[in-house]
Amino acid sequence: MIVIHHNPDCGTSRNVLAIIEASGETPVVIEYLAEGWSRAQLLGLFAAASLTPRAALRETKSPAKELGLLEPGVSDETILAAMLKHPVLVNRPIVCSPKGVRLCRPSELVLDLLETMPPGPIYKEDGEMILDAEGRRMG
């Protein structure tokens, strides 16, 4: 089973979901902006993906700067507390599969988590090819 913590308004998140579906999987989609996060959930995801709260912090298109979270010396505990209050602060998409947990930014990182590669060619929304017709990774 694959789980994607997804924001449907995010192009990278939409690309990752499309790649997962093209591989033949029907993922569990968690729209975290609507559902929010629990402390245990975030700590578990971050530990599994080898991320710190700072590494998972969405710095652009979020209130991170206004909340003072980009300043040096801000603790992971402060960032985590802000993420619980403002779910948009968590960078996305985070994908969980039997092969691991990963922040899939850029979107082609999800390929490492798939049991079956999708048939190529696969393009991102912006037209960038990430798998050619023979299923070879680009770049």
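Above this text you will find the structure in question.
Everything in this summary refers to the structure shown in the same document. (Residues numbered from 1 in each chain as written. Predicted model: local features only at pLDDT ≥ 70, side-chain atom pairs only at ≥ 80, totals over all residues. Heavy atoms only, no water.)

### Digging into the overall build of the protein
The secondary structure content of the protein amounts to 4 helices and 6 strands. Listing each helix as α and each strand as β along the protein from the N terminus yields β-α-β-α-α-α-β-β-β-β. Its C-alpha radius of gyration of 15 Å places the protein within 12% of the 14 Å reference for a compact globule of 139 residues. Once the C-alpha set of the protein is aligned to its principal axes, its extents read approximately 45 × 30 × 25 Å. Residues classed as buried in the protein amount to 42% of the 139 residues present. Counting every atom, the protein has about 7100 Å² of accessible surface; 53% of that belongs to carbon and sulfur. (Helix = DSSP H or I, 4+ residues; strand = E, 2+ residues; numbered from the N terminus. Rg over C-alpha atoms; globule rule 2.2 N^0.38 Å. Buried < 20%, exposed > 50% of the residue type's maximum accessible area, 1.4 Å probe, protein only. Areas by Shrake-Rupley, 256 points an atom, 1.4 Å probe, with all protein chains shown as cover.)

### Some points on the pairing of strand 4 (residues 100–103)
Of the strand pairs in this sheet, strand 3 (residues 94–97) and strand 4 are connected by 4 bridges, and their pairing is antiparallel. Its bridge partner lying in strand 4, V95 is registered against R102. (Pairing = 2+ DSSP bridges.)

### Some thoughts on the pattern of salt bridges
Counting across every chain of the model gives 8 salt bridges. A salt bridge links D112 to R137, with the nearest nitrogen and oxygen atoms 2.7 Å apart. Here R137 lies in the segment after strand 6 (129–131) and D112 lies in the loop between strand 4 and strand 5 (122–123), a separation of 25 residues in the sequence. For D112, a relative accessible area of 34% puts it in the partly exposed group. Salt bridges linked by common partners bring R102, D112 and R137 together as one network. (Salt bridge = Lys/Arg side-chain N within 4 Å of Asp/Glu carboxyl O.)

### Considerations on helix 4 (residues 76–85)
Three- or four-residue spacings in an α-helix give side chains the same orientation, since the helix completes a turn every 3.6 residues. I79, L80, A82 and M83 are the residues of helix 4 that are buried. Along the long axis of helix 4, the arc covered by the buried residues comes to 160 degrees, so they all point the same way. Taken together, the buried residues of helix 4 touch helix 3 (39–48). (Arc of directions from axis to C-beta. Contact = heavy atoms within 4.5 Å.)

### Observations regarding the side chain of S23
For S23, the location among the structural elements is in the loop between helix 1 (11–22) and strand 2 (28–31). There is a polar contact of 2.6 Å between the side chain of S23 and the backbone oxygen of I20. Residues contacting S23, with those up to four places away along its chain left out, are L114, T116 and P118. (Polar contact = N/O pair within 3.5 Å; in protein donor to acceptor, adjacent residues only side chain to side chain.)

### Some points on the nonpolar core
Ranked by internal contacts, the top residues of the largest apolar core, which has 21 residues, are L42, F46, L57, L69, M83, L89 and V90. Beyond its immediate chain neighbours, meaning those up to four positions away, L89 contacts A56, L57, R58, S62, P63, A64, L67, L69, A82 and M83. In terms of nonpolar packing, the next biggest core, distinct from the first, is built from 15 residues, I20, L111, L114 and I130 among them. (Core = buried A, V, L, I, M, F, W, Y, C linked by side-chain atoms within 4.5 Å.)

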